[in-house]
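Fold and contact review
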Amino acid sequence: MKTLLRTMSLLLLTLMVVILAACGGTPGASTPQQLNVAFLPKAINNPYFDSAAAGGKKAADELKGSFKQVGPSNANAAEQVPFINTLTQQHVSAIVVSADDPNAIAPSLKQAIAQGIKVVSYDSDTAPDARQIFVNQASAEDLGRTEVQVLAKQINYTGDIAILSATSTATNQNSWIDFMKDELSKPEYSKMHLVKIAYGNDDDQTSYNETQGLLQAYPNLKGIISPTTVGIAAAARYLEASGNAKKVALTGLGTPNSLKKYVKDGTIQSFELWDVSHLGYLAYYAASALVSGKITGKQGDTFTAGSLGQYTVGENGTVVLGPPTVFNSTNIDQFNF
Ligand code: RAM
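Summary of the structure given here. (Residues numbered from 1 in each chain as written. Predicted model: local features only at pLDDT ≥ 70, side-chain atom pairs only at ≥ 80, totals over all residues. Heavy atoms only, no water.)

1. Considerations on the nonpolar core
Judged by nonpolar contacts, the single largest core of 78 residues is most densely connected at Tyr122, Ile133, Val135, Ile268, Trp274 and Phe303. Of the residues forming this core, the biggest block, 12 residues, is contributed by helix 10 (residues 276-291). When residues of this core are assigned to domains, at least three fall in each of domain 1 (36-136 + 276-322) and domain 2 (140-273). Here Val135 is in contact with Val120, Ser121, Tyr122, Asp123, Leu279, Leu282, Ala283, Ala286 and Val319, once residues within four sequence places are set aside. (Core = buried A, V, L, I, M, F, W, Y, C linked by side-chain atoms within 4.5 Å. Buried < 20%, exposed > 50% of the residue type's maximum accessible area, 1.4 Å probe, protein only. Helix = DSSP H or I, 4+ residues; strand = E, 2+ residues; numbered from the N terminus. Domains from an automatic or database assignment. Contact = heavy atoms within 4.5 Å.)

This is the structure we're talking about:
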C-alpha cells in the first residue's frame, strides 16, 4: 500500500512539473520579461502624439522591446479608462499615459499597478499616486510665465486677452494656466485683462468655433494664448480667414510644421514647444528602467535615456525633459515635426 501511495505521489509530482513547464515556468520564478510598452495619449489622430509615438518607437527598437499606441479618438478621460483596463488584462509591462483628467483615470491605473504593471505619465500628469514617474516636457512655471511675457510685449502690455485651452480637465493645461494667471497678477500687467478661458477640447473644429466666439464676444480682443497644438493652429486659421491676423496677437504651444505658414505671413510672431519625439523617447526609457527594476521612481533615482543621456528623478517622481524651444521666422525652417 505504502509503495503504491509513493508511486502515485511521484507520478502526480512528475505530472505537475510537466504541466508547469508547458505553462512557461514555475509560478513566482523570475523569468526575463519581454519589454512590452503601450502608449495611451489623450487622443489618437493628434500629430503631437504621433511625434511622441515616433520617439517611443525609436527607444523600443534600441531596447529591443515592443511598442504600441492605443487610445480614444476624442480627448476624453472616460474613454481612456477602457483602454487602461484592456492593457491591464493584456498584462503589458508598462503603460505610458497622457491624462485627460488626473483623477478620472487614477483608479484604473492603480489596478494596473496592483497587477505589477509600471505606469509612467507623460505630457499631462495623473494623480501622482496612480503612476511611478511623470515625464514632464518642461517646467510648467516657465511655460506659463513666458507665454504671458511673449504676448505682453506684442500688445504693449495693454488690452483684453483670452486663453484658448484644450479640455477643461487636462492637468498640463491647467497647471500652465495657473502660472499664466499668477504672472498676469503682477503690476506690469495691470492694463492687460484676461477676459475668458475657452476650451477647444483639442479638436480642430471646436477650437476654430471657440476662437470665432471669442472674437464675437470681445471685439476689442488684443491677444490669444493657446497652449495646445490643436488650438493654436485652429486659432491661426480663424484669425486669417476672418481678417483678424496681425490685429489680434496669437502665441502658445504648437508644432513647427502646422504653424510655419502663419509665422511666415506674420499671423504668429513666435511660439514655443519642445522636441515631442524626445518626450516619447524619454518616456519609453523611463518605463524600461522601471520594468527592469533599475529604478523605482523615487527622488534621486538615475537612469540613462539612450542618446539623450542621463536623467534624475526629481520631486514627486517627476523627470523633466528640458527647456522648450522658441520658434520664430528666423529658425522655423530648421524644424520638421
Ligand atoms: C496638445 C495637447 C498636449 C499639449 C500640447 C502642447 O497636443 O493638449 O497635451 O502638451 O498640445
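2. Quick notes on the pairing of strand 6 (residues 159-165)
Two faces belong to every sheet, and in a regular strand the side chains alternate between them. Counted residue by residue, strand 6 has six buried out of seven residues, so it is predominantly covered. In this sheet, strand 7 (residues 192-199) lies alongside strand 6 in parallel orientation, the contact comprising seven bridges. Among the inter-strand pairings, Ser165 is bridged to a residue of strand 7, identified as Tyr199. Viewed along the sheet, the connection from strand 6 through helix 6 (residues 171-184) into strand 7 turns out right-handed. As paired strands, strand 6 and strand 8 (residues 223-226) are joined by three bridges and run parallel to one another. Across the sheet, the residue bridging to Ile163 is Ile225, located in strand 8. (Pairing = 2+ DSSP bridges. Right-handed = clockwise from strand over helix to strand, strands pointing away.)

3. Thoughts on the pairing of strand 3 (residues 94-97)
A two-sided burial pattern is seen for strand 3, the buried positions comprising Ala94 and Val96 on one face and Ile95 and Val97 on the other. In this sheet, strand 3 lies alongside strand 1 (residues 36-40) in parallel orientation, the contact comprising four bridges. Residue pairing in the sheet places Leu40 in a bridge with Val97 of strand 3. The sheet contact formed by strand 3 and strand 4 (residues 118-122) spans four bridges and is parallel. Along strand 4, the bridge assignment pairs Val96 with Val120. Between the parallel pair strand 3 and strand 4, the chain is carried across by helix 4 (residues 106-114), and the sense of this crossover is right-handed.

4. Section: the sheet that holds strand 3
Read across the sheet, six strands follow the order 2-1-3-4-5-13 without closing on themselves; strand pairing throughout is parallel. The open sheet has two free edges, formed respectively by strand 2 (66-69) and strand 13 (318-320), since each of these has just one partner strand. Along the sheet, successive strands turn relative to each other by an average axial angle of 20 degrees, direction set aside. (Axes fitted to C-alpha atoms, helices over the stretch in contact; angles between N-to-C directions.)

5. Quick notes on helix 7 (residues 204-217)
Taking 1.5 Å as the rise per residue, helix 7 with 14 residues should run 20 Å; its terminal C-alpha atoms sit 20 Å apart, in good agreement. Within the sequence span of helix 7, burial applies to Ser207, Tyr208, Thr211, Leu214 and Leu215. In an axial view of helix 7, the angular spread of the buried residues amounts to 120 degrees, which keeps them on one side of the axis. Counted as exposed and oriented over 90 degrees from the buried face of helix 7: Gln216 and Ala217. The inward-facing, buried residues of helix 7 contact strand 6, strand 7, strand 8 and helix 8 (229-241). (Expected span 1.5 Å × (residues − 1). Arc of directions from axis to C-beta.)

6. A short note on the packing of aromatic side chains
By the definition in use, this model includes 14 aromatic pairs. Taken together, a centroid distance of 6.3 Å and an interplanar angle of 90 degrees make the contact between Tyr48 and Trp274 edge-to-face. Residue Tyr48 is found in helix 2 (residues 47-63), and its partner Trp274 is found in the loop between strand 10 (270-273) and helix 10; the two are separated by 226 residues along the sequence. Through pairs of rings, three or more aromatic residues link up here, namely Phe39, Tyr48, Phe49, Phe67, Tyr122, Trp176, Trp274 and Tyr284. (Phe/Tyr/Trp six-rings, centres within 6.5 Å; stacked < 30°, edge-to-face > 60°.)

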